[in-house]
Amino acid sequence: MTNSKQQLFNLAKLVRDNSYSPYSKFKVGAAILSSNNNLYSGCNVENASYSVCTCAEENAISTMIANSDTLIKELLVMTDTSTGSAPCGACRQRILEFADNNTIIHIANTKEITKTIKIKDLLPHSFSKDDLK
Ligand code: THU
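Position numbers for residues start from 1 in each chain and track the written sequence from start to end. The model is predicted, so local features are restricted to residues of pLDDT at least 70 and side-chain atom pairs to those at 80 or more, both for listing and for counting; the totals for chains, interfaces and linings are taken over all residues. Excluding hydrogens and water, the side-chain figures rest on all heavy atoms present in the structure.

Enquirer: Lay out the packing of helix H2 (residues 56-66) against helix H3 (residues 89-97) with the relevant residues and their values.
Expert: Note on method: axes are straight lines fitted to C-alpha atoms, helices fitted across the in-contact stretch only, with angles between N-to-C directions ranging 0 to 180 degrees. Secondary structure elements are taken from DSSP: a helix is a run of H or I of four residues or more, a strand is a run of E of two residues or more, and numbering for both begins at the N terminus. One way to put it is that H2 packs onto H3 with a least axis distance of 9 Å and a crossing angle of 20°. Classed by the angle they form, the pair H2 and H3 counts as roughly parallel. Where H2 crosses over H3, the handedness of that crossing is left-handed. Contact residues: Glu57, Glu58 and Ile61 in H2; Cys91, Arg94 and Ile95 in H3. For this classification, Asp, Glu, Lys and Arg are treated as charged, while Ala, Val, Leu, Ile, Met, Phe, Trp, Tyr, Cys and Pro are nonpolar and the rest, including Gly, are polar. For the contact of H2 with H3, the per-class residue count stands at three nonpolar, no polar and three charged. If an angle is under 35 degrees, it is roughly parallel; if it is over 145, roughly antiparallel; if it lies from 65 to 115, roughly perpendicular; otherwise it is oblique. By convention, the crossing between two helices is left-handed when the near helix turns anticlockwise from the far helix through less than a right angle, and right-handed when the turn is clockwise. Should any heavy atoms of two residues lie within 4.5 Å, those residues are considered in contact.

Below, the structure is given as structure tokens:
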């Protein structure tokens, strides 16, 4: 694994341990490498009022924005499943907002990265800020 991929993997694994998911028991960790080469992370945070739950990717993106970074170079999402899990539809849209044509998503389980795919291929035919011009 390259150094940046290893850093993303390690960070996602660490933050995933902090997931607050007593209802689904499905822990998710996400880590971002920004275009400025900064790292951010987030985990899913659930709530007794289920619709208030937030996703790991969503929380990692919020932290990136709070630190004045706006472009995702790479995002890694980690779940403890055999193949890893792709970001949900809503999170694909959230990632797209802060992506360019080269933004890469790594899907990982707790052992390894199982798939690497560009966000433009994960969310084709998308609606984006370009549509509002
Ligand atoms: N979840 C994420 O954190 N990211 C996704 O992309 C999909 C789902 C969380 C939300 C909820 O806490 C749990 O996984 C089960 O859906």
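Enquirer: Explain the site of the ligand to me, using residue names and the numbers behind them.
Expert: For this description, a residue counts as near a given molecule or strand if any of its non-hydrogen atoms is within 4 Å of it. Surveying the vicinity of the ligand reveals the residues Ser24, Phe26, Val28, Asn44, Glu46, Cys55, Ala56, Glu57, Pro87 and Cys88. For this analysis, a polar contact is any N or O atom pair within 3.5 Å, provided that within protein one partner can donate a hydrogen and the other can accept it, and provided that sequence-adjacent residues contribute only side-chain to side-chain pairs. Separating an oxygen atom of the ligand from a side-chain N or O atom of glutamate 46 is a distance of 2.5 Å. Separating an oxygen atom of the ligand from a backbone N or O atom of alanine 56 is a distance of 2.9 Å. Contact with the protein chains covers 76% of the free accessible surface of the ligand, which is 380 Å². Classifying every residue of the shell around the ligand by side-chain character gives six nonpolar, two polar and two charged. Surface accessibility in these figures is a Shrake-Rupley result with a 1.4 Å probe; residues are shielded only by whichever protein chains are displayed.

Enquirer: Lay out the pairing of strand E3 (residues 72-79) with the relevant residues and their values.
Expert: With seven of its eight residues buried, E3 lies for the most part within the structure. Note on pairing: two strands pair once DSSP finds at least 2 bridges between them. Here strand E1 (residues 28-34) pairs with E3 via seven bridges, running antiparallel. By the bridge assignment, leucine 33 is partnered in E3 with glutamate 74. Pairing analysis gives five bridges linking E3 to strand E4 (residues 104-108), with the strands arranged parallel. Directly across from valine 77, in E4, lies its bridge partner isoleucine 107. Residue exposure (1.4 Å probe, protein chains only): buried if accessible area is under 20% of the type maximum, exposed if over 50%, otherwise partly exposed.

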